[in-house]
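# Observations on the three-dimensional arrangement
Letter by letter, the chains look like this.
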Amino acid sequence: MTVYLSIILFLPTIFGALALFAPRRLALWTLVAGTVLTLAYSIVMLARFKTGVGMQFITDDNWISELGIRYSLGVDGLNLFLIVLTSLLWVPATVAAALRDWDRPRLFAFFMGIAQTAVLGAFMSQDLALFVVFFDLMLVPFYFLVGMWGGEDRVYATTKLVIYTLVGSLLMLAAAVALGVMSTPAGGHISFSFATLAQHPLSGGSQYWLFILFAFAFLVKAPAFPLHGWMPDAYRQAPLPVILVFSAVVSKVGVYGFLRIVLPLLPQASVHFQELMLAIAVVSILYGSVLAFSQDEARLVLGYSSIAQLGFILLGIFSLDPKGGQGAVLQMVNHGLVVAPLFLIIGYLAIRAQGRESLDWMGGMAFRAPVLATVFLIVALATLAMPGSANFVGELYILFGTFQSKIVYGLVASVGVVLAAVYMIRFYQRAMHNPVGAHVESRDLALGPELGVIAPLVLVILALGVYPNFLLHRINAFAPTTKNIPQVALKR
Amino acid sequence: MIFTDIVFFIAAIGALAGAVGVVVLKNPFYSVLSLVTHLFFLAVLFLLLNSQFLAAAQLIVYAGAVMVLYVFVVAYIGGAEEPLGDSLPAIRPLGVLFAVCLLAELCIGVIGSGLKALDSHGAHVSNTFGAPSQIGSLLLNQFLIPFEAASYLLLIAAVGALVLARKRRGFEELTGEGGTA
Amino acid sequence: MNTLNVIAAVKAPVIDYKGISPLFAIAGGAVIVLLAALFRGRFVQRALVPFLTVAALGAAIGLTIWNWHTGDSRPIVEGALAIDPLALGLSLLFYITGLATVAFAWRSVALRESGSGEFYALMLGSIAGMTMLASAENLVTLFVGIELLSIPLYVLCASEVKRETSLESGLKYLVIGSVGSATLLYGLAFIYGATGHTGFGQIASALGNSVSITDPLLLTGIALAVAGLAFKASVAPFHAWTPDVYEGAPTPVTAFMAVATKTAAFAIILRLFDEALVSAQLQWAPALAALAVITILVGNVGAIAQSSLKRMLAWSGVAQAGYMLAGVVVGTQLGLQATAFYLAVYLFMNMAAFGVVIARERVSEHGDGLKALEGLGSASPLLAWPMTIAMLSLAGFPVTAGFIGKFYLISATVGGDWAWLGVIIVVGSMISLVYYLRVIAVMWMSPFKIELPGLPRRREVHPVAGWSPEADPRAQPEVILVTLLMAAATIFFGIVPSPLFHLAHDVGTSISALVGS
Amino acid sequence: MSATAWAWLVLAFPLAGTLVIGLGWRVLPGRVPGWLASSMILAAFACAIAATVKMQDRAPAARHASSTLFDYAHSAGLNIGLSIYVDPLSLFMALVVSGVSFLIHVYSVSYMTSDKGFTRYFAYLNFFVFSMLLLVLAGNIIILIVGWAFVGAASYLLISFWYRRETATAAGIKAFVMNVIGDVALVIAAFLLWKNAGHHVSYTGIFAGSKTHFSHDQGTLIAACLLLTVGAFAKSAQLPLHTWLPDAMEGPTPVSALIHAATMVTAGVYLIARFHPLYEQAPTAANITAGVAAATLFFAATCALAVTDLKRIIAYSTMSQIGYMMVGVSTGGYDGGLFHLMTHAFFKALLFMGAGSVIGAMAGIQDIDRMGGFRKSMRFTYITFVVGALTLAGMMPFAGWFSKDEILGFDVHRGGFDLILAIVGFAGALLTAFYSFRMVFRVFHGDSVPEAQSLERGELFHGEHVNPMTGEHEDTGVGFPGAEHHIAERELPMKFAMGTLAVLSVVGGVVAIPGVTDWLRNFLDPTFADSKFVNAAPSTGADWTGLIVGAGIALAGITTAFVCYIRRPGTTAEIIKRLPFLHRLFVNRWYFDELYDALFVRPTATFGRFGRYVVESAFVQGTLVGGATRIVGAGTALARTAQSGYLRGYAVLMLIGFGGLALYFLLQAT
Amino acid sequence: MNITWYLVLSAFLFTIGAVGVLTRRNPLVILLCLELMLNAGNLALIAFSRMWGNGDGQIFALVVMVVAACEVVVGLGIIVGIFRRRIPEDVDALSELRG
């Protein structure tokens, strides 16, 4: 029983609220302070984390006893790094935001703070209802962030984003309540805690329709083909820091849900729908990759590439194999780590291409910008999971897991690896290489505001590339929960 | 018994006729009058069901007071003939159609009921049944609250009428067809 | 012993004055207000009368709490009324709504038109009717209560007699309402005929014994009664009056109707069906379920593309009624609790929303049009935030009471083996996002084009400000205050819902006939 | 210090070079980065020698050691260490790689002097060497894959080094993607081996496991081997994954020498040699590999006959030579294959350097039709180039003569299917001899072109800067390549590098003269001790007959070339006129690029466009999003039309509602 | 005469009233039709009261009369208001609120 996680959880909101009363110019910096503090706390948590002892830093209190909703948080190998990732990536995002001026900066900071709390909460919560609360809450700040500070069609984009994703979340709300109520033994008090739910498995039939509802919610969030309708608009319209965190962190909540909720609580259904989910994953991979290299908008390249990447994660999850599962977790972290700098880079490129983010306006930017080129190159190679990067290890595990259980899907998916190379290199070349674009004025990263923001991320990427076991070793702690999925499923 | 039957049929036909008159007569003034006749025959029916007090109340309160009010209002605003044609032509046939359904369903409900009592002439009752004394005692005991509430309701309604019909300035400058000002 | 004989001798009913004291407070309050209003003069009209009204309501609240007790219902006055948590709890909601309405109406045109004394007296009368309704224990009381509730409202709707739409709404409400009550009356008559009793208790015991549950007469009666009550609760397809009346009525009255009337209607629905007709649940539950589905869908699709906020709220109110009806259908204590809980939540979020509408329509040239909120976020956050919170809560976002309410309802439906109804609720909320979010967008994300498909409006909205010159955004603290309070409550109960839960739980206990949660 | 410690150092130096140069790009002046890089490689070479010495101290059976730095990835039953494996084979490769790399570094120092990307160039080059060494020293297949991909990346970076050229970037992405295909194949192979050979990724583990878990020529094993082959072919530009290599010539010439001739492209050979136990256990796979390699060597030779771009000719010859090596190692002639790998590294690097020198003299022009008569003006280049050509042609007594004919001799000796391979090999040898001297004669003989004349006058020709492929002009002011050109005659470093390699090409054969020296075989034996072909070598006599035949063939080829280009010029034109279609076929490289374009590139692009304009807009947005919207919209319209505003309309609505209700309830009734 | 007869009669009256509400456009007449419907209810109540021989129904009917009176009063008030506002006494003219 410790308040530790609660501190990490609510620091951002507190600072966001403080920002409301800070002077205009300092509003966002206030939040930056908050995020840095959060990061510090979560690093300490990472240091204190003991591998192999399961759930840690547990907080477990009554919240709404009448509904059986408990305020219970905890960390294990599954969500450890996702929490750290969240608190890590919010720092560059807020700093990048603080470096340019917005109208109504206080509100911006406020919503960014709430958003971080919501995401952290979703990752931390060990109670299904609490998870749902945070999962839905997430959308509120993003609705405002995209809608108030986005591009031309921001309102359309944000409405679409929220409705599309909330359709999923609401279905999940129903599913969650149903899961809680139905798995309550007669006369017993209703409970949504994952541990309890896992003890009272449901009958096959009800597992199936619950699975469908959950899966829908999570697939929309990811997004996976064909439920990504909201993605292009949102990616085009959202302000850069916002879409950065959205793509890097928020998109992971969905797939995280599969590992935390669907597999343990609906094992039978997971096995039953395995092929379907694998098919969706594979289609997402191929479709996302192919579209990624037919795009000219830098953001959309990343958008569709994310579809492909999350397809891989999904693949790993539904290989229902420990290797696949751990690869998936690893890949969540990796993808977050590479997408964030890529969005920063898009920002930098846009500055050098007269604010335009279309690849047609870029080209030849490597000249006189060796540092930018190098950074971009490293991130790009990591994104396409070149061996030697942590992403490669992630994909290796995912593919091994998939080969192990359903080799055919694995083989098709490995085509996606090749396609990834195509669209990332194309992206890199069209921006940095080839004759200089007409309106490009090429200059290197400014030391403080640009390099200072992105360099730490790149260093982390490199470090993890050298020693990915740092992640795997700790992720391993949760292996038991996935390892026994197939057996559990068959047993029931 | 024959006698009561004959009376029933006469009263029933009268009540129906009055009701139909209310609906079909074009001039509101005549409608009011036919309602009065309707109420009168209804009172007769009440008598047949030996509830004398209500029959009386019916005649005095309704046919007396309320209808007079009607007549005044009609006189005040002039019984304008109803404009011909209909702004939603569909309504008349549709309305009648569904009204018939309604009638059918009600009758089924009544006739299809398994209650024996329905086919009787009613329970055997003392001749004090329906007399003012019995009504009174009921009103003052079991139905005290509804009774009080009803009287209170009258007060409220009076206030309401006052609010609506009070003499006001300002109507003059309002043009008849204008929107709200 | 001796005294007993005396009481037996005098055939006067035993009246539990403590029990009906709240009712007295309200009814008496109305009379006092009327009398006070006889003295013309600014002070009386602007200060004394409202104060008296508030005092009456406050007294009623106090007395209600004094009466508070959990457990089974306690019939009083020969079983005409029942004093139990269901009655007490819900009447608290009426009183709170009344208090808010006093503030809303204080500067309104309707008040000036009808005279504050009359206005408040009518409002109190209606509240008295609601209180009766909430604790009605027999059919006669039920009917009187409903009429006492409705007739003052007919007047209040039409009270802006110089405004054509006000009259229109008044007449529509009156006619349709009377049809409704006639239907209800007929239904009650049939129920009485089938059972031979008017008391709920006796009816309940008669069902299945003296009359079979599937007797056509009884069922026809139930059908008629359902129709009549559904009308009051504005359940589709008996909802058609709602948007028109809400839009035409003076906004404070609309707010009052939207919340109080609906609450009262659900109070009596819960009583009639869960107490008197509970043993016929197998027969009526599917019908109500069907109505709930229709209501949820119709209400939500109707609300889309409304340019008048009042209208939009009216439609959304229809939808919300559908959600709550689902709670009734379940017919368990849990369902009862969930419905009661949602009613309370519904009060807070709607009052917050209406408060903003009132504050805006008095100053904006767009009246209650959606455009009246444009750019509110930066212009006056004090109004924008409550509206935002209200909309989020209505849409069922977490950390607002609305979320908890929906959660509660869904768990009730699932618990009662009506899981698919829960899914329907969810589907409804999906559709509702479209219009709730648009309001927020208009306030915070303007300037941008509000695209409003659908019928062209015949009447372009005129500024109401002309009617109440002293009304300007800074000069209506009472409205803003109430709005803020309601919004705060919405958030508070979204995070700490336990108080409401206790209330709801007591309410649930009051009808022991139901299967436990 | 143990052998492994030295081996770690071998890796450490180039990596250090990369980092120092990469981070110090601002401060390092002039040629310093170049010399720094070269010294790093020299150090690595030294360490490699030291490691070798250490290794030689051990008993032959014990000449292998592995060392793990830390757990690279260890969970869920998969245990991958960051480990190296040192044995004669890896040491041999390390020596060749670091040695040749050093010379090429030195050469580059002057060749790239005026290039604006001088520092970047050497950072890349060092990184490449590091990756290549990692590849050869890797202790398990995953680390091997890492190195494998790193060299691919380095190759990509250096191919599109002059990134202003769209031709260069296009070539770069082509090479990269093809390499990734290879990587994927290796990953799948790794999985098959891990799964079926007892959950090992380390070589030793895999080989031990394969003995027990696989039966002879088992399907899974064949699949695994073929996947390995795919990886190897992708890297070594064998059919059908070869198309990237000619385009790779877009890179600076030293890069072509280092990566696309001497080292990286031969990694495939190393791979197969490394996994020889598996191939020997799955002869089918081995034969397929050998067959395709043989086809490649002939196909490439034919292309080399027709192409007119100097560097591309050499590139095709590289493919063809690697074909020989592949044939060698996959048929069990490991010594021969690796021997040829070494000698090829020498003479092919040499040829490229010579070509670079010539291109320098031609101010960037690479078309041999434009060249001629450099014999007099570029003595040094001429001599060294001829040496290289002779070695390539397999002329007695140069190194290539021994190495190539050892392979062929081995195959003849084994007979059967391998005999066919050998015959193809001999045919290829004829072509090789011909095209190598085609180069010599057309570049250095004949009448001098203007560039040559100006050189004779003593000044280096400075032409307009054009892209050798498209011929469009380039502004050297804003980018690369640099303004000036450099030729061996004037640059000591270039001279040194070429001279050394020339000498090596001449004397390289000494390590394995049949019947005389057996050094190479003895050195490598510990690695291939377990091979069943270890004693399958032909007799000395047979070897010599093979050598004689080879020499004859080479002579024939050279003479033909002499006749065609010197004695009777225009003969080739005659031939072209006779067999136009054949010429067209060769010039267009047998239309492979067009085929792939039609098969993969365009379909994918079309699918992309289809997805973007049809699926996205019509299905995802239109049907899914739009459909839902339309349904709700219809509902709204309905609800609002019902809301007619007419009081009596509402009454009817109520009545309808009641009708429905009552109907339901009556149905409930009995 | 059986109670059933009375009930059927009241059903007829009720329906006639409903038809009137649906077909007439003059608010006055509509009010009258509402009266018809309420009276139909009254008749039913009294018939039942007779049938069971208890007085509840009669009280109910009495209350209904009061209610009816109140509705009439308020209704007439509104109609007067409409008249003063110079709007024709035609319910179809009052259809501005719609959609």
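All figures in this text were calculated on a predicted structure; none of them were measured in a lab.

### Considering the overall build of chain E
Helix and strand content of chain E: three helices and zero strands. The N-to-C order of helical and strand elements in chain E reads α-α-α. For chain E, the C-alpha atoms occupy an extent of roughly 50 × 25 × 25 Å along the three principal directions. For chain E, buried positions account for 87% of its 99 residues. Here the analysis covers contacts within chain E between residues at least 6 apart in sequence; of these, 58% occur between residues at least 24 apart. In the form shown here, chain E has an accessible surface area of approximately 1,500 Å², with 65% of it arising from carbon and sulfur atoms.

### Some words on the packing of helix H4 (residues 105-124) of chain A against helix H11 (residues 240-265) of chain A
Residue and element names in this part refer to chain A. With their axes 10 Å apart at the nearest point, H4 and H11 run at an angle of 20° to one another. The angle between H4 and H11 falls in the class roughly parallel. The chirality of how H4 crosses H11 is left-handed. Between H4, through Phe108, Met112, Val119, Ala122 and Phe123, and H11, the contact on the second element is made entirely by Val242, Val249, Val250, Lys252, Val253 and Tyr256. When its residues are assigned to classes, the contact of H4 with H11 shows 10 nonpolar, no polar and one charged.

### Some points on the confidence of the model for chain D
Close inspection of predicted coordinates is inappropriate for parts of the model with low pLDDT. When pLDDT is averaged along chain D, the result is 86; 98% of the residues meet or exceed 70. For chain D, helix H20 (residues 450-457) of chain D is the element with the lowest average pLDDT, namely 81, and helix H5 (residues 141-159) of chain D is the one with the highest, namely 92.

### A word on the packing of aromatic side chains
Taken as a whole and assessed by the stated rule, the structure comprises 91 aromatic pairs over all chains. Summarising the aromatic geometry, the rings of C:Tyr186 and E:Phe14 are spaced 4.4 Å apart at their centres and angled 25° between planes, so their arrangement reads as stacked. Of this pair, C:Tyr186 sits in helix H8 (residues 164-195) while E:Phe14 is found in helix H1 (residues 3-23), placing the two residues in two different chains. Across the pair, exposure class does not vary: C:Tyr186 and E:Phe14 are buried alike. Their ring planes at 10° and their centres at 6.4 Å tell us that D:Tyr203 and D:Phe207 sit as a pair that is stacked.

### A few points about the packing of helix H5 (residues 128-137) of chain A against H11(A)
Residue and element names in this part refer to chain A. The N-to-C vectors of H5 and H11 enclose an angle of 175°; their axes lie 13 Å apart at closest approach. Taken together, the axes of H5 and H11 are roughly antiparallel relative to one another. Counting all contacts with H5, which are made through Leu128, Phe131 and Phe135, the residues of H11 involved are Val253, Tyr256, Gly257 and Ile261. Partitioning the contact of H5 with H11 into residue classes produces six nonpolar, one polar and no charged.

### Quick look at the pattern of salt bridges
All names here are of chain A. Taken as a whole and judged by the stated rule, the model has 36 salt bridges over all chains. Measuring nitrogen to oxygen at the nearest pair gives 3.4 Å for the salt bridge that ties Asp296 to Arg430. Taken as a pair, Asp296 in the loop between helix H13 (274-292) and helix H14 (298-318) and Arg430 in helix H18 (residues 407-432) lie far apart in primary sequence, 134 residues in all. Looking at Asp296, the relative accessible area reads 22%, which means it is partly exposed. Here Arg430 falls in the partly exposed class, since its relative accessible area comes to 23%.

### Looking at the nonpolar core
Counting residues in each nonpolar core, the largest one holds 801 residues, and the members touching the most others are A:Phe214, D:Ile141, D:Phe275 and D:Phe374. Discounting chain neighbours no more than four positions away, the residues touching D:Phe374 are D:Val358, D:Ala361, D:Met362, D:Val443, D:Phe444, D:Val449, D:Glu451, D:Ala452 and D:Leu455.

### With respect to the interface of chain B and chain E
Often, the extent of an interface is quoted as the loss of accessible area on bringing the components together. Contacts between the two partners involve 91 residues from chain B, matched on the other side by 70 residues from chain E. Both sides together, the interface formed by chain B and chain E hides about 7,400 Å², and carbon and sulfur atoms give 73% of it. The three residues of chain B that bury the most area against chain E are B:Leu49, B:Tyr70 and B:Ile77, which together make up 9% of that side's buried surface. Inspection of the chain B/chain E interface yields zero salt bridges. Inspection of the region where chain B meets chain E yields eight residue pairs in polar contact (both at pLDDT 80 or more). Only helix H1 (2-24), helix H2 (28-48), helix H3 (52-77), helix H4 (91-111), helix H5 (132-140) and helix H6 (144-165) of chain B provide two or more residues apiece to the side of chain B that touches chain E. The biggest single contributor to the side of chain B that touches chain E is H3(B), with 12 residues. Across the side of chain B that touches chain E, the residue classes break down as 62 nonpolar, 19 polar and 10 charged.

### Things to note about helix H8 (residues 219-236) of chain D
With 18 residues, H8(D) extends 25 Å between its outermost C-alpha atoms, agreeing within 8% with the 26 Å of an ideal straight helix rising 1.5 Å per residue. Of the residues one or two after H8(D), D:Ala237 is the one with positive phi, at around 55°.

### Considering the interface of chain C and chain D
The interface of chain C with chain D comprises 41 residues on the first partner and 23 residues on the second. When chain C packs against chain D, close to 2,700 Å² is buried across both sides, 74% of that on carbon and sulfur atoms. Linking chain C with chain D are seven residue pairs in polar contact (both at pLDDT 80 or more). Of all the secondary-structure elements, those providing two or more residues to the side of chain C that touches chain D are H8, helix H10 (216-232), helix H11 (241-248), helix H13 (281-303) and helix H14 (309-330) of chain C. A total of nine residues in the side of chain C that touches chain D trace back to one element, the largest contributor, which is H10(C). For the side of chain C that touches chain D, the class distribution of residues is 28 nonpolar, eight polar and five charged.

Conventions and cut-offs
- Residues numbered from 1 in each chain as written.
- Chains lettered and ligands numbered in written order.
- Predicted model: local features only at pLDDT ≥ 70, side-chain atom pairs only at ≥ 80, totals over all residues.
- Heavy atoms only, no water.
- Helix = DSSP H or I, 4+ residues; strand = E, 2+ residues; numbered from the N terminus.
- Buried < 20%, exposed > 50% of the residue type's maximum accessible area, 1.4 Å probe, protein only.
- Contact = heavy atoms within 4.5 Å.
- Areas by Shrake-Rupley, 256 points an atom, 1.4 Å probe, with all protein chains shown as cover.
- Axes fitted to C-alpha atoms, helices over the stretch in contact; angles between N-to-C directions.
- Parallel < 35°, antiparallel > 145°, perpendicular 65-115°, else oblique.
- Left-handed = near helix turned anticlockwise from the far one by under 90°.
- Nonpolar A, V, L, I, M, F, W, Y, C, P; charged D, E, K, R; others polar.
- pLDDT = per-residue confidence, 0-100.
- Phe/Tyr/Trp six-rings, centres within 6.5 Å; stacked < 30°, edge-to-face > 60°.
- Salt bridge = Lys/Arg side-chain N within 4 Å of Asp/Glu carboxyl O.
- Core = buried A, V, L, I, M, F, W, Y, C linked by side-chain atoms within 4.5 Å.
- Buried area = accessible area lost by both parts, 1.4 Å probe.
- Polar contact = N/O pair within 3.5 Å; in protein donor to acceptor, adjacent residues only side chain to side chain.
- Expected span 1.5 Å × (residues − 1).

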